Amino acid sequence: SPRFKNVAAKLKEVLPEELFNLIKEIGKFADERKVNAYIIGGFVRDLIIGRKNFDVDIVIEGDATVFAKELAKRFGAKVHTYERFKTATVVFKGGKRIDFASARTEVYRAPGALPEVDMAPLKKDLMRRDFTINTLAIKINEKEFGKLIDFFGGLKDIKDKKIRVLHSLSFVEDPTRILRALRFATRYRFELGKHTERLLKIAVQRKLFKTVEGQRIYHELKQIFLEDNPLRVMNKLEKYRIISSLFPSISWDRFKKDLFERIRKVIIWHKLNFPEKETKYHILYFGALFLREPLNRVEKYIKELAVPQKEAELLFQILKNSLPLIKKVRLAGKNSEVYELLQNLPEEFLLFLAALPQDEETRNRVLNYLKSWRFIKPLVNGEDLKSMGLKPGPVFKKILSKLKYAIIDGELPNDREEQLTRAKELVDAEKR
Ligand code: CTP
């Protein structure tokens with residue numbers, strides 16, 4: 001539709017001014033270097049769909065590493081280049097990162113193969129991609145700034161709300177695209193194209209996942225678990241029998257579906273209350289997926305997926321300890337006992353506990369710990385204890401803990417005078 005022929009105005013409208021200007025500058029610089037430069041991929045897709053996305057990927061028709069190095073020099077930016085892939089990341093002064101890739105200009109041909117049709121490097125590059133909705137490009141050179149390029153009907157497929165592969169071997173070349181197709185379909189509420197769905201089913205039937213490195217599967221599952229609603233993606237995976245294809249012993253049952261939904265709500269709550277914390281939310285969903293499975297089997301899956309060491313440890317901690325621990329939390333007497341059970345546990349573990357099905361009171365205990373108990377500090381400090389004539393030592397920590405526990409248990413108000421009085425009593429008891 002002609003509305004999208006040029007998207008310069010749309011870019012200006014949705015991007016932060018600084019980023020818009022930066023992209024224009026990069027376009028001008030491309031003119032200077034006499035190369036064509038395009039924004040491609042997810043950014044363009046989301047611009048058209050209307051989803052916020054400021055991850056800019058730029059393709060250069062030429063050598064992107066040379067281009068990025070010169071660009072960085074001009075802008076006083078940092079640059080990382082990956083010569084093997086002819087890609088680069090430029091980190092600009094404000095911290096903005098932009099990735100650059102080279103559209104292949106060289107032609108690889110098997111001996112005796114038919115001569116390749118002459119094709120623009122950009123088009124060749126886009127042809128290797130997963131779905132038509134990801135093949136849109138925006139030219140950023142000054143003269144044609146904002147020109148939308150659509151070789152493969154991506155625009156129409158966005159309008160029709162369809163996920164379509166570019167060619168019949170797409171899932172065979174890269175079976176992780178099976179997971180990506182269902183992730184995008186869920187995120188945008190698109191359908192699979194008829195032919196694409198048929199190809200996907202065949203690919204699953206042929207067990208093509210078996211040919212993929214585990215860590216690539218892990219990466220795609222993680223991407224699914226970082227979506228707003230992983231449960232909906234999982235239900236699609238189940239529909240195509242993908243879960244049992246990946247993890248033969250796991251049943252996608254009511255318990256797991258409920259747990260996924262509870263985790264989603266806990267994450268929403270947590271993001272709202274602790275937006276600054278860096279939390280590996282995807283681990284919660286991996287925990288839910290594997291909960292109640294025999295540990296030796298889970299161990300095998302985790303090894304196959306090559307889960308990074310730290311995340312694997314976290315996952316095991318959740319799988320081994322969360323059910324026994326939540327029981328202890330339920331049976332604990334005072335709040336301070338709950339505090340002692342929960343202190344120093346990783347954020348992900350605590351959130352998993354909060355998501356486990358349980359009675360209201362137990363759940364509130366975990367939430368209170370997360371929200372307030374862990375931040376409570378007495379209004380009395382070590383200096384105060386010193387001036388009461390107590391010699392510094394482990395006893396300081398003991399008394400301050402007692403004060404803290406008394407506050408957590410509601411036995412001591414948030415009042416300095418009263419806390420000093422109580423501290424004095426505790427100090428005297430120690431001296432005796
Ligand atoms: N791509 C592909 N096959 C894959 C993975 C990626 O063809 N198995 C292509 C896609 O065309 C995609 C681009 O590489 O547009 C970048 O991939 P990625 O960053 O994973 O995806 P985005 O499209 O940016 O999606 P998201 O919004 O999930 O980041």
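Residues numbered from 1 in each chain as written. Predicted model: local features only at pLDDT ≥ 70, side-chain atom pairs only at ≥ 80, totals over all residues. Heavy atoms only, no water.

**Quick word on the site of the ligand**
Link 1 in the chain: In the vicinity of the ligand lie 13 residues, with R45, D130, D174, R183 and R187 positioned nearest.
Link 2 in the chain: With respect to the ligand, the side chain of R177 contributes an N or O atom lying 3.2 Å from an oxygen atom.
Link 3 in the chain: When residues in the shell around the ligand are grouped by element, the largest group, six residues, is from helix α8 (residues 176-188).
Link 4 in the chain: By residue class, the composition of the shell around the ligand is one nonpolar, four polar and eight charged.
Link 5 in the chain: Structurally, the shell around the ligand is a two-domain feature, drawing no fewer than three residues from each of domain 1 (2-160) and domain 2 (161-245). (Near = heavy atom within 4 Å. Polar contact = N/O pair within 3.5 Å; in protein donor to acceptor, adjacent residues only side chain to side chain. Helix = DSSP H or I, 4+ residues; strand = E, 2+ residues; numbered from the N terminus. Nonpolar A, V, L, I, M, F, W, Y, C, P; charged D, E, K, R; others polar. Domains from an automatic or database assignment.)

**Topic: helix α18 (residues 347-355)**
Link 1 in the chain: Along α18, nine of the nine residues are buried, which leaves the element largely enclosed by surrounding structure.
Link 2 in the chain: Turning to α18, its buried residues number three or more, namely E347, E348, F349, L350, L351, F352, L353, A354 and A355.
Link 3 in the chain: Considering only its buried residues, α18 is in contact with α13 (254-273), α14 (281-290), α16 (309-331), α17 (335-342) and α19 (360-371). (Buried < 20%, exposed > 50% of the residue type's maximum accessible area, 1.4 Å probe, protein only. Contact = heavy atoms within 4.5 Å.)

**Points about the domain arrangement of the protein chain**
Link 1 in the chain: Domains assigned within the protein chain are domain 1 (2-160), domain 2 (161-245), domain 3 (247-374) and domain 4 (376-431).
Link 2 in the chain: Using C-alpha coordinates to define each centre, domain 2 is positioned 27 Å away from domain 3.
Link 3 in the chain: At the interface, 18 residues of domain 2 touch 19 residues of domain 3.
Link 4 in the chain: For the pair domain 2 and domain 3, the summed buried surface comes to about 1,700 Å²; carbon and sulfur atoms form 70% of the total.
Link 5 in the chain: Together, Y218, F225 and L231 form the three largest contributors to the area buried by domain 2 at its contact with domain 3, with a combined 38%.
Link 6 in the chain: Taken together, domain 2 and domain 3 are joined by zero salt bridges. (Buried area = accessible area lost by both parts, 1.4 Å probe. Salt bridge = Lys/Arg side-chain N within 4 Å of Asp/Glu carboxyl O.)

**A word on the pairing of strand β2 (residues 57-60)**
Link 1 in the chain: In terms of strand pairing, strand β1 (residues 37-40) meets β2 through four bridges, oriented antiparallel. Note that in β2 the partner of A37 across the bridge is I60.
Link 2 in the chain: One ladder, built from four bridges, connects β2 with strand β5 (residues 97-102); its direction is parallel. Bridge pairing in β5 places V59 opposite A101. (Pairing = 2+ DSSP bridges.)

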